[in-house]
Amino acid sequence: MISPIIIAIDGYSSTGKSTFAKEVARELGYIYIDTGALYRAITLLAERFSLISPDNKIDEKGLRTLLYSESRPQITFRTIGPNNLCHTFIAEEDVENEIRSLKISDRVSYIAAIPVVREFVDQILRKLGKSKGVVMDGRDIGTAVFPDAELKIFMTASDEVRAKRRLNEMLSKGEDITYDEVLKNLKARDYIDTHREHHPLTMAEDAILLDNSEMTVADQLVWIKNILDKRDNEGIGRS
Ligand code: DC
């Protein structure tokens, strides 16, 4: 039996990373980890504890104290409902919808640029990936968190496709938002994510590029299956 691997899926905002990663995990019987949800939950905590100002100035010392305090509210992933949907919780509160709101989307990249936050999240992710058999999506999984991941994919899509996808997702959740607002948020996040000092979003040298502008999820699954089959034939493992 060949051993399980880590699949790192990085890329720009709203390129469909989580949809693709979830499907890949389901196909392989792997665990899916949405690393952006951790940064979003920390952003919500920072707001609630008044550690981020209206103009996005962050109280880094306060944030460190909060993240490393014994009594901090625990962030967990739980499956809920008949369809086993994975939701993010802070203590016993389901914050899944709140962390996807535009308010949090507008601020999360500022929080994700803080070294103490990245260090905290990286520790959690490395523990979760220890036994392999995981698919993680994010911005720095293949470059910083798991630079030795056996398979790295870097996802992109046109700005228009990304904004339309995100708009539909947000409208379906009842958010009152326009295409232009969504596009502006995507571009702003891309800029901050690619220009931050600590672990910026960049394509790992050994990552495979997936531009899914013109692809359905089914097309993407065929695409990755071909890659995995080829690797199996070459003896590069997964179980
Ligand atoms: O994947 P997402 O859009 O939910 O991620 C939210 C933000 O979190 C994104 O704008 C950048 C940040 N992020 C990050 O810096 N590193 C990761 N591994 C995952 C997300």
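Residues numbered from 1 in each chain as written. Predicted model: local features only at pLDDT ≥ 70, side-chain atom pairs only at ≥ 80, totals over all residues. Heavy atoms only, no water.

A. Up close: the packing of aromatic side chains. Within this structure, the stated rule accounts for two aromatic pairs. Ring centres of Y12 and F154 lie 5.7 Å apart, and the angle between their planes is 85°; this geometry places the pair in the edge-to-face category. In this pair, Y12 sits in the loop between β1 (6–11) and α1 (17–28) while F154 sits in strand β7 (residues 151–156), placing the two residues 142 residues apart along the sequence. Judged by its relative accessible area of 27%, Y12 falls in the partly exposed class. With a relative accessible area of 5%, F154 lands in the buried category. Considering the side-chain rings of Y68 and F120, the 5.6 Å spacing of their centres and the 90° angle between planes classify their relative orientation as edge-to-face. With a gap of 52 residues between them, Y68 in helix α3 (residues 60–68) and F120 in helix α6 (residues 115–128) connect regions that are remote in the sequence. For Y68, a relative accessible area of 33% puts it in the partly exposed group. Judged by its relative accessible area of 7%, F120 is buried. The ring of F89 is capped by R78, whose NZ or CZ atom sits 4.4 Å from the centre of that ring. (Phe/Tyr/Trp six-rings, centres within 6.5 Å; stacked < 30°, edge-to-face > 60°. Helix = DSSP H or I, 4+ residues; strand = E, 2+ residues; numbered from the N terminus. Buried < 20%, exposed > 50% of the residue type's maximum accessible area, 1.4 Å probe, protein only. Lys NZ or Arg CZ within 6 Å of the ring centre and 35° of its normal.)

B. A look at the nonpolar core. With 37 residues, the main nonpolar core has I42, L63, I111, V117, V121 and L125 as its most contacted residues. Listed by contribution, the elements that provide at least two residues to this core are β1, α2 (35–48), α3, α5 (102–112), α6, β6 (134–138) and α7 (141–145). The greatest single-element share of this core, amounting to eight residues, is contributed by α2. With residues up to four places along the chain from it excluded, the contact list for V121 reads L38, Y39 and I42. (Core = buried A, V, L, I, M, F, W, Y, C linked by side-chain atoms within 4.5 Å. Contact = heavy atoms within 4.5 Å.)

C. View of the site of the ligand. Near the ligand lie 16 residues; those nearest to it are R40, R118, D140, R189 and R196. Within the side chain of R40, a nitrogen or oxygen atom sits 2.7 Å from an oxygen atom of the ligand. Coverage of the ligand by the protein chains reaches 97% of its 450 Å² of free accessible surface. For the shell around the ligand, the element with the highest residue contribution is α2, accounting for four residues. Here the residues of the shell around the ligand are counted per class, giving four nonpolar, four polar and eight charged. (Near = heavy atom within 4 Å. Polar contact = N/O pair within 3.5 Å; in protein donor to acceptor, adjacent residues only side chain to side chain. Areas by Shrake-Rupley, 256 points an atom, 1.4 Å probe, with all protein chains shown as cover. Nonpolar A, V, L, I, M, F, W, Y, C, P; charged D, E, K, R; others polar.)

D. The environment of S13, seen in detail. The residue S13 is located in the loop between β1 and α1 in this model. In sequence terms S13 and E169 are 156 residues apart; their C-alpha atoms lie 13 Å from each other. What S13 contacts, discounting residues up to four positions off in sequence, is R139, R162, L186, R189, D190 and D193. Looking at S13, its side chain comes within polar contact range of the side chain of R189, at 3.5 Å.

E. Summary view of the sheet that holds strand β5 (residues 93–94). The strand order across the open sheet built from three strands is β3-β4-β5, with neighbouring strands paired in antiparallel fashion. Sheet topology places β3 (75–80) and β5 at the edges, where each strand pairs with a single neighbour. Across two bridges, the pairing between strand β4 (residues 85–90) and β5 is antiparallel. Residue pairing for β5: I90 is matched across the bridge by E93. Here α2 sits on the sheet and contacts β3, β4 and β5; the angle it forms with β3, its principal contact strand, is near 120°. (Pairing = 2+ DSSP bridges. Axes fitted to C-alpha atoms, helices over the stretch in contact; angles between N-to-C directions.)

F. A look at α3. Along α3, the residues classified as buried are G62, L63, L66 and L67. Each buried residue of α3 sits inside an arc of 130° when the element is viewed along its axis, so together they form one side. Of the residues in α3, the exposed ones pointing more than 90 degrees away from the buried face are K61 and T65. Those residues of α3 that are buried are in contact with α2, α5 and α6. (Arc of directions from axis to C-beta.)

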